[in-house]
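Observations on chain architecture
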Amino acid sequence: SYQLVATACIFVAAKFEEQPNNVPTLSVFAKANIAGLEKKQQLIEAERVLLESLQWNALSATHLHFSHCYINKGVLCKTDTIDSKPASKQDLRVIHKYIEFL
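First things first, this report covers the structure right here in the doc. None of the values given here were measured: they were computed from a predicted structure. (Residues numbered from 1 in each chain as written. Predicted model: local features only at pLDDT ≥ 70, side-chain atom pairs only at ≥ 80, totals over all residues. Heavy atoms only, no water.)

1. Some words on the overall build of the protein
Where we set the bar: Numbering of helices and strands runs from the N terminus; a helix is a DSSP stretch of H or I covering at least four residues, while a strand is a stretch of E covering at least two. Buried, partly exposed and exposed residues are distinguished by accessible area as a fraction of the type maximum, computed with a 1.4 Å probe on protein chains only: under 20%, between the cut-offs, and over 50%, respectively. In this description, accessible areas are obtained by the Shrake-Rupley approach with a 1.4 Å probe, and a residue is regarded as covered only by the protein chains that are shown.
Regarding its fold elements, the protein presents five helices and two strands. Ordered by position in the sequence, the α and β elements of the protein form the string α-α-α-α-β-β-α. Burial analysis of the protein (102 residues in total) assigns 20% to the buried set. Surface exposure of the protein reaches about 8000 Å², of which carbon and sulfur atoms provide 58%.

Encoded structure:
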């Protein structure tokens, strides 16, 4: 069913994009009866079929993946410059907001 495929897509995406403690478990889907799951095995099988159809290539890096690395490594910090001028606190707040918004 389309609902099962959509649920498998959400499940795979969560595993790649969320922190491990935020990934919904099979039990969460089963309890909510999402996609009319009768057995957890249905979602596992749908996930396997989905990943096989993608040739197990489910990860694609975007600018968001790198922007968080830059922020965490201090690339956007007080010593950075914008147009050869030191970045102000306001500049840094705007940049952080923009990155988080994306």
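2. With respect to unusual backbone geometry
One non-glycine residue, Q55, lies in the positive phi region at around 55 degrees. By the secondary structure assignment, Q55 is in the loop between helix 3 (40-53) and helix 4 (63-72). The class for Q55 is exposed, based on a relative accessible area of 69%. Of note in this structure, W56 is not a glycine but carries a positive phi near 60 degrees. Note that W56 resides in the loop between helix 3 and helix 4.

3. Some remarks on the pattern of salt bridges
As a reminder, the rule being used: By salt bridge we mean one thing: a side-chain nitrogen of Lys or Arg within 4 Å of a carboxyl oxygen of Asp or Glu.
Going through the model one piece at a time under the given rule, you end up with three salt bridges. A salt bridge links E45 to R48; the nearest nitrogen and oxygen atoms lie 2.3 Å apart. Taken together, the residues span about one helical turn, with E45 and R48 both in helix 3 at a distance of three residues. You can call E45 partly exposed: its relative accessible area is 34%. Residue classification places R48 among the partly exposed positions, given a relative accessible area of 32%. Taken together, the shared-partner salt bridges connect E45, R48 and E52 into one network.

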